[in-house]
Amino acid sequence: MADNGASTFQAGRTGLIVRIPEAEPVVRSWRERCDPSARAGVPAHLTVLFPFLDESRTDGRVRSALSDILGRHRAFDLRFESLGRFPGCLFLRPEPDTQLRRLTESVVGRWPEAPPYGGRFAEVVPHLTVADGQDDAVLEEIEADLSGELPVASRVSSVDLMAYDGAAWHLRESFALRG
């Protein structure tokens, strides 16, 4: 859910993520130093949808709909074999990313008022942020350090609803994928 600064971390904001615990040993130290979302309590993850609805709107009906929509998708495997960059950002690239894109499309199809990243980007590229808001020299150092740590493999079996309380991000509910 890194989004170039803590200004997007507003109390009541929510996001849907896929946790990638297998990546934690590889990226944790860099994320803690170079990713504002990690310092705010977000684990290594792939964003399904950020921002999602305000937490005040994530009532039982919304959670039930999320459970139904996400439960239609099968669990799947991912590998992180390479790194990628956006300006000021270094990330692990998930392969394949088709199922991640489908998860996002399914949720946005139900809640079009919550476009990915507020509609700021024409194409959403699934990624696991390692560093955000850093200069090229820092990104090069991190990239050199991590290149020998890949690949990382992960099984995706759930999507988590996270909410920001004004100080940190917290898990509100986890929605299982099928199988």
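These numbers were taken from a predicted model, which means no experiment stands behind them. (Residues numbered from 1 in each chain as written. Predicted model: local features only at pLDDT ≥ 70, side-chain atom pairs only at ≥ 80, totals over all residues. Heavy atoms only, no water.)

Turning our eyes to something else, we now look at the nonpolar core. Across soluble globular proteins, nonpolar side chains show a tendency to be buried alongside one another. Counting 45 residues, the largest nonpolar core has Phe 52 and Trp 111 as its most contacted members. Of the residues forming this core, the biggest block, five residues, is contributed by helix H3 (residues 60-71). Among all residues touching Phe 52, those that are not within four sequence positions of it are Thr 14, Gly 15, Leu 16, Thr 58, Val 62, Leu 66, Val 107, Trp 111, Ala 114 and Leu 161. Listed in part, the nine residues of the second largest apolar core include Ile 17, Tyr 117, Met 162 and Trp 169. (Core = buried A, V, L, I, M, F, W, Y, C linked by side-chain atoms within 4.5 Å. Buried < 20%, exposed > 50% of the residue type's maximum accessible area, 1.4 Å probe, protein only. Helix = DSSP H or I, 4+ residues; strand = E, 2+ residues; numbered from the N terminus. Contact = heavy atoms within 4.5 Å.)

Scored by pLDDT, the protein chain comes out at a mean of 95, with 96% of its residues at no less than 70. Low pLDDT (under 50) marks residues 2-6, which in the prediction has 14 contacts with non-local residues, meaning those over four places away or in another chain. (pLDDT = per-residue confidence, 0-100.)

Another aspect to go through is the packing of helix H1 (residues 24-34) against helix H5 (residues 136-146). H5 packs onto H1 with a crossing angle of 170° between their chain directions and a minimal axis gap of 11 Å. The angle between H1 and H5 places the two elements in the roughly antiparallel class. Relative to H5, H1 is oriented so that their crossing is right-handed. Residues Val 26, Val 27, Trp 30 and Cys 34 of H1 form the contact with H5, whose own contacting residues are Val 138, Glu 141, Ile 142, Asp 145 and Leu 146. Tallied by class, residues from the contact of H1 with H5 come to seven nonpolar, no polar and two charged. (Axes fitted to C-alpha atoms, helices over the stretch in contact; angles between N-to-C directions. Parallel < 35°, antiparallel > 145°, perpendicular 65-115°, else oblique. Left-handed = near helix turned anticlockwise from the far one by under 90°. Nonpolar A, V, L, I, M, F, W, Y, C, P; charged D, E, K, R; others polar.)

Attention shifts here to helix H4 (residues 98-110). A rise of 1.5 Å per residue sets the reference length of H4, with its 13 residues, at 18 Å; its end C-alpha atoms lie 19 Å apart and thus fit the reference within 8%. If you check which residues of H4 are buried, you get Leu 100, Leu 103, Thr 104, Val 107 and Val 108. Seen along its axis, H4 keeps its buried residues to an arc of 125°; they face one direction. Across H4 from its buried face, at more than 90 degrees, point the exposed residues Glu 105 and Gly 109. (Expected span 1.5 Å × (residues − 1). Arc of directions from axis to C-beta.)

With that settled, consider the layout of surface pockets. Taken as a whole, the second largest pocket holds about 170 Å³ of empty space. Around the second largest pocket, the lining residues are Thr 47, Leu 100, Arg 101, Thr 104, Glu 105, Val 108, Pro 116, Val 124 and Pro 126. Broken down by element, the lining of the second largest pocket gets its largest block of residues, five residues, from H4. Taken together, the residues of the lining of the second largest pocket sort by class into five nonpolar, two polar and two charged. (1 Å grid on protein atoms, 1.4 Å probe; cavity = no way out; pocket = protein on both sides within 12 Å on 5 of 7 lines; lining within 4 Å. Points joined across faces, edges and corners; volume = space filled by probe spheres on them.)

The subject of this paragraph is the packing of aromatic side chains. Inspection of the entire model under this criterion finds seven aromatic pairs. Taking 6.0 Å as the distance between ring centres and 65° as the angle between the ring planes, the aromatic pair formed by Phe 50 and Trp 169 counts as edge-to-face. Taken as a pair, Phe 50 in the loop between strand S2 (45-49) and H3 and Trp 169 in strand S8 (residues 169-176) lie far apart in primary sequence, 119 residues in all. Here Phe 50 matches Trp 169 in class, with each residue buried. Relative to Trp 169, the ring of Tyr 164 has its centre 5.4 Å away and its plane inclined at 45°; by these criteria the two rings are tilted. (Phe/Tyr/Trp six-rings, centres within 6.5 Å; stacked < 30°, edge-to-face > 60°.)

To continue, consider the sheet that holds strand S5 (residues 128-132). In space, the four strands of this open sheet follow the order S5-S4-S3-S6, with antiparallel pairing throughout. Sheet topology places S5 and strand S6 (152-156) at the edges, where each strand pairs with a single neighbour. Mean inter-strand twist for the sheet, computed between neighbouring axes without regard to direction, equals 30°. Lying on the sheet, H1 is in contact with strand S4 (89-95), S5 and S6; it crosses S5 at an angle near 40°. Packed on one face of the sheet, H5 meets strand S3 (76-86), S4 and S5 and runs near 145° to S3. (Pairing = 2+ DSSP bridges.)

Right, let's talk about the side chain of His 45 for a bit. Within the secondary structure, His 45 is located in strand S2. Classification of His 45 by relative accessible area gives buried; the value is 3%. Among the polar contacts made by the side chain of His 45, one reaches the main-chain carbonyl oxygen of Pro 43 at a distance of 2.7 Å. (Polar contact = N/O pair within 3.5 Å; in protein donor to acceptor, adjacent residues only side chain to side chain.)

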